[in-house]
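Structure assessment
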Amino acid sequence: MLPIPKKFFVTSGCAEGDSELTAFDGALLKAGIGNINLLKVSSILPPGAQFAPGLEFPAGAMVPTAYGTIVCTEPGTTIAAAIAVGLSESSFGIIMELVGKLTRQEAEEKIQGMVQESFAMRKMELKEIKISAAEHTVQKIGCAVAAAPMWY
């Protein structure tokens, strides 16, 4: 059985690169998660997981992470990535990711609504929402990423 993460935080970043992969790598570095291996997970935060901003990981660690990313090669286009974690008083949390050709403000507003809807569908009480979003105007090849890394 895999261990259950006990800590998490939300982060986001954006960057330009000479290729799509280096733009993604740069965005991860700006988000502070560029030197770990992301293990993509879906949308449930384990019960009792505590918000831990500034959490650091060993280089090369395999870190369960819910994330969204967008890469764009259209100069002048505004892109954004947002992550939101909805927390309940007594149960698990819900993580939502959003990426697209939109502004940071639009992404933050939409993702907040997505978390509220997901809690309503489950008939759960929403206590708090943690959001991180990044916006980028593409020069050549741009990337925006938003993530919720979790740790033990």
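Above this text you will find the structure in question.
All values reported here derive from a predicted model rather than from experimental measurement. Residue numbers restart at each chain and count upward from 1, following the sequence in its written direction. Local features in this predicted model are restricted to residues whose pLDDT is 70 or higher, and side-chain atom pairs enter the listing and the counts only when it is 80 or higher, whereas totals over whole chains, interfaces and linings include all residues. Neither water nor hydrogens contribute to the side-chain values; these are computed over all heavy atoms in the structure.

**Section: the overall build of the protein**
Across its full length, the protein holds 2 helices and 10 strands. We count a stretch as a helix when DSSP gives it H or I for four or more residues in a row; a strand needs E for two or more, and each element gets its number in order from the N terminus. Walking the protein from its N terminus toward its C terminus, one meets helices and strands in the order β-β-α-β-β-β-β-β-β-α-β-β. Atoms considered for the radius of gyration are the C-alpha atoms alone. The globule rule reads 2.2 Å times the number of residues to the power 0.38. In terms of overall dimensions, the protein is globule-like: its C-alpha atoms have a radius of gyration of 15 Å, near the 15 Å expected for 152 residues. Over its C-alpha atoms, taken along the principal directions, the protein stretches across nearly 45 × 35 × 25 Å.

**A short note on helix 1 (residues 20–31)**
In an α-helix, one full turn covers 3.6 residues, which means residues spaced three or four apart are oriented alike. By this rule the span expected of a helix is its residue count minus one, scaled by 1.5 Å. The first and last C-alpha atoms of helix 1 sit 17 Å apart over 12 residues, in line with the 16 Å expected at 1.5 Å per residue. Those residues of helix 1 that sit buried are Ala 23, Phe 24, Gly 26, Ala 27, Leu 28 and Ala 31. After helix 1 finishes, the residue Gly 32 shows a positive phi value of roughly 85°. Accessible area is worked out with a 1.4 Å probe on protein chains only. A residue is then buried under 20% of its type maximum, exposed over 50%, and partly exposed in between.

**Topic: the packing of aromatic side chains**
The aromatic pairing rule takes the rings of Phe, Tyr and Trp, using the six-membered ring of Trp, and pairs them if the centres are within 6.5 Å, calling planes under 30 degrees apart stacked, those over 60 edge-to-face and the rest tilted. All chains considered together, the criterion is met by 4 aromatic pairs. Seen in terms of ring centroids, Trp 151 and Tyr 152 are 5.2 Å apart; in terms of plane orientation they differ by 50°. Their pairing is tilted. Exposure remark for Tyr 152: the relative accessible area of 37% places this residue in the partly exposed category. By way of ring pairs, the aromatic residues Phe 9, Phe 57, Trp 151 and Tyr 152 are connected into one cluster. It is Lys 40 that lies over the ring of Tyr 67; its NZ or CZ is 4.5 Å from the centre. Its guanidinium or amino end placed over the ring of Phe 51, Lys 130 lies 4.2 Å from that ring's centre, counting from NZ or CZ. Two conditions define a charge located above a ring, namely a distance within 6 Å from the ring centre to NZ of Lys or CZ of Arg, and an angle within 35 degrees of the ring normal.

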